[in-house]
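Below, each chain spelled out in residue letters.
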Amino acid sequence: MRRPTLSLPTFLLLSSIFLFHSLLPTKSFEILPRSSNFGADIDGFNITNFLNFHDSIRLDSDPAVEDVPGEARVTVDALKRALHEHRFLHFPLQDGLTWQDQLTFVQLFGVAFDESLHPNRVPWEGEKDPRVAVFSNNKNYGLVGVGVEGFHSDGNVVEIPHQANFLYCEQTVKGAATLLAPLEEVRNSLPEELLLNVDFTSSHVDNLEKPLAHHHPASGRPTMFFGLGTLAGLYKKDGETLTREETDDINDKISEAIEKVGPYRHEWVAGSLLVMDNLAVVHRASSETQATDDPDAIRIMRRVTLAAKRPLRRRDQTFEDYPHRCNDEICLVSLGRHIEAGADHSFPGVEEGNELCRGYFHQTSSLASLTNKELARMAAEIAEELRMPHFLDARKYGMNKPTIRWGSPTTEDEWNNEYPWDDVSGQPNDCDGPGTEPCIFIGPRGKWFDFACNPKRSEGTTPGPEITWGEREMFDIAPLCQVSLEWFHQNENEVQEKREL
């Protein structure tokens, strides 16, 4: 039988499609978890190639998260979720990564922290940008003696600790390593009464306190915050300063828990990038990083940290502090009175909204999925009570009579495509063009509106939606969370027990 042949135009078309997909960075990388469920390797992802492919994000000014192109945003969001799940990510084979591209890559995740704001560190004279710190074992190439004080999370001398640490190895010396310990496991190895209402204090900054034990603001998992060795001042418990002996006793028990859990030792190879979830991991540089026996053996590391927006907080409020409605299985809870938008209307988008739900309530919490009319009625009552629109965990596909996919691709609903769109405003409408408003919020009268998944920043648009709620005005959008009724009751009991203690 004669094999069919392709015409030249068809062959060229198929070849171009194959070449396009083979070059597309978001299609090629894999997330390879380590067997210990602590950390993951990112295989097949090259940061320089990724930025070259999405060349529009290389702006003269700092690129804002809102400006990340759609395809790049999908990748960044996937990497953020992987970071919270695995707690550190290793990007091998990043040879030749420039400090500019390292900084730009961090800025896709948020705002890079200005390292010069650390009160206990004098910038190295050779640094090209205050957001890019350079460390070495030789003062001619960078700051020396950094990170060896003891296990710590970065940002222990500033009001709001950093979200993440992006550490790149330009060149290394024999045996140089960074030790990492998972904070959830460390906390679980300690008695709860040891940590209850205890605050870490900085030895470098007066009156700088952070909850020693709390829950991760993005993943909702139990975690801690501290700096051991010379970084720790006298701890406080219930607002009272502890003695040096009491502080040392807590730190000794934390050190014992770290050794019991067993830290991971990351041996550095030139050209690799390590991204640490700074609020889920403590780290310490090994003594070999400071080796100076061989004058020709030079270690050069570059660090960029991701700034955070909100201080660390304990879960010490009951649901009575939050507007909520519950049925026999699910509680819907608003963060509208607890999360303030910035002066530029930088209200949380859908991805950040999911993180806030986990951080405030439980690691299984998320934005609300209104899969039936009962849940939609409960959500409508909350929205009308606050006179505030709320994001849902939903995506819209198609126009006119679009379908909706809820937070989990396997979640089905009972609407039969008869969703309560706001007919008055002609929803859905995608004002800025097809596909520009894939996310959904609930607004006046419990009706649903489509909108961008983050505040709009394009010229000629307002950040939030312009809707009529009494009168026509622009609104910020709040997160509407859902949690299980079982956890609702469990949390009420835990908060009450802590208040009694």
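The structure under discussion appears in the preceding block.
Each value, and the rule that gives it
- Within any chain, residue numbers begin from 1 and follow the written order of that chain's sequence.
- Reporting of local features is limited, given that this is a predicted model, to residues whose pLDDT is at least 70; pairs of side-chain atoms are given and counted only at 80 or more, and all residues count toward the totals for whole chains, interfaces and linings.
- Side-chain numbers here rest on the full set of heavy atoms in the structure, without hydrogens or water.
- A run of H or I in DSSP counts as a helix once it spans at least four residues, and a run of E counts as a strand once it spans at least two, with each numbered from the N terminus.
- Burial here depends on accessible area, computed with a 1.4 Å probe over protein chains only, as a share of the maximum for the residue type. Under 20% is buried, over 50% is exposed, and the range in between is partly exposed.
- In what follows, residue pairs with any heavy atoms lying within 4.5 Å of each other are defined as contacts.
- Areas reported as accessible are Shrake-Rupley estimates using a 1.4 Å probe. Residue values count occlusion only from the protein chains shown.
- Being paired, for any two strands, means DSSP has found at least two bridges between them.
- For helices, the fitted axis covers only the stretch in contact; all axes are lines through C-alpha atoms, and the angles between them, taken along N-to-C directions, range from 0 to 180 degrees.
- To form a nonpolar core, buried Ala, Val, Leu, Ile, Met, Phe, Trp, Tyr and Cys residues must be joined to one another through side-chain atoms within 4.5 Å.
- Pairing of N or O atoms within 3.5 Å defines a polar contact, subject to two protein rules: one partner must be a possible hydrogen donor and the other a possible acceptor, and residues neighboring in sequence count only if both atoms are side-chain atoms.
- Any Lys or Arg side-chain nitrogen found within 4 Å of a carboxyl oxygen on Asp or Glu counts as a salt bridge.
- Cysteine sulfur pairs qualify as disulfides if the two atoms are within 2.5 Å.

*Asks:* Summarise the overall build of the chain; cite the residues concerned and give the values.
*Replies:* Within the chain, the regular secondary structure consists of 11 helices and 26 strands. Residues classed as buried in the chain amount to 52% of the 501 residues present. Sequence-distant contacts, at least 24 apart, represent 74% of the contacts inside the chain between residues at least 6 apart. Accessible area for the chain stands at about 23,700 Å²; split by element, carbon and sulfur atoms hold 50% of it.

*Asks:* Can you lay out the sheet that holds strand β5 (residues 164–171) for me, pointing to particular residues and giving the numbers?
*Replies:* As summarised here, the arrangement of the 7 strands in space is β1-β2-β3-β14-β5-β16-β4, forming an open sheet in which the pairing is mixed. In this open sheet, the two edge strands, each paired with only one partner strand, are β1 (30–33) and β4 (133–136). The average undirected angle you get between the axes of adjacent strands in this sheet is 25 degrees. Where β4 lies against strand β16 (residues 300–306), 4 bridges are found, and the strand directions are antiparallel. Looking across to β16, one finds that Ser136 is bridged to Ile300. Running over the sheet, helix α4 (residues 70–86) touches β1, β2 (40–43), β3 (88–91), β5 and β14 (273–277) and is turned about 125 degrees from β3. The strands that helix α5 (residues 99–107) touches are β3, β5, β14 and β16; relative to β16, the one it contacts most, it runs at about 25 degrees.

*Asks:* Which residues make up the nonpolar core, and what values go with them?
*Replies:* Phe361, Leu370, Phe391, Leu392 and Trp448 are the most contacted members of the largest nonpolar core, which has 51 residues in total. With 8 residues, helix α10 (residues 373–386) is the largest single contributor of residues to this core. With 30 residues, the next largest nonpolar core counts Phe109, Phe166, Tyr168 and Val304 among its residues.

*Asks:* Tell me about the environment of Thr462, residues and numbers included.
*Replies:* With respect to the element layout, Thr462 can be found in the loop between β23 (448–451) and β24 (466–469). It is 9.4 Å that separates the C-alpha atoms of Thr462 and Phe475, two residues lying 13 residues apart in sequence. With residues up to four places along the chain from it excluded, the contact list for Thr462 reads Lys456 and Met474. Polar contacts involving the side chain of Thr462 include one to the main-chain carbonyl oxygen of Gly464, which spans 2.8 Å. There is a polar contact of 3.3 Å between the side chain of Thr462 and the side chain of Glu466.

*Asks:* Run through the sheet that holds strand β6 (residues 177–182), naming residues and quoting values.
*Replies:* Strand order in this open sheet of 3 strands is β13-β6-β15, and the pairing throughout is antiparallel. Looking at which strands have only one partner, the edges of the open sheet turn out to be β13 (264–267) and β15 (281–285). Going across the sheet, the axis of each strand differs from the next one's by a mean of 25 degrees, ignoring polarity. Here 5 bridges tie β6 to β15, and the two strands are oriented antiparallel to one another. Paired with Ala181 across the bridge in β15 is Val282.

*Asks:* Give a detailed account of the pattern of salt bridges, specifying residues and quantitative values.
*Replies:* A complete count under the given rule lists 29 salt bridges for this structure. Salt-bridge contacts for Asp199 lead to Arg314; the nearest nitrogen and oxygen are separated by 2.8 Å. On the criterion of sequence distance, the pair formed by Asp199 in strand β7 (residues 198–201) and Arg314 in the loop between β16 and β17 (324–326) is long-range, its members being 115 residues apart. Measuring nitrogen to oxygen at the nearest pair gives 2.6 Å for the salt bridge that ties Glu437 to Lys456. Of the two residues, Glu437 sits in the loop between β21 (403–406) and β22 (439–442) while Lys456 sits in the loop between β23 and β24, which places them 19 residues apart along the sequence. Each of the salt bridges in this network shares a partner with another, and the network as a whole consists of Arg325, Arg337, Arg377, Glu381 and Glu385.

*Asks:* Explain the state of the cysteines residue by residue, including any values.
*Replies:* Throughout this description, disulfide means a covalent bond between two cysteine sulfur atoms. In this structure the tally under the stated criterion is 3 disulfides. Two residues, Cys357 and Cys481, share a disulfide whose sulfurs are 2.1 Å apart. Since a negative S-S torsion denotes a left-handed disulfide, the Cys357-Cys481 link at about -80 degrees is left-handed. Of the two residues, Cys357 sits in helix α9 (residues 350–360) while Cys481 sits in strand β26 (residues 478–484), which places them 124 residues apart along the sequence. Across this residue pair, the class does not change: Cys357 and Cys481 are buried. Here Cys439 pairs with Cys453 through a disulfide, and the sulfurs are 2.0 Å apart. Judged by the torsion about the S-S bond (85 degrees), the Cys439/Cys453 disulfide is right-handed.

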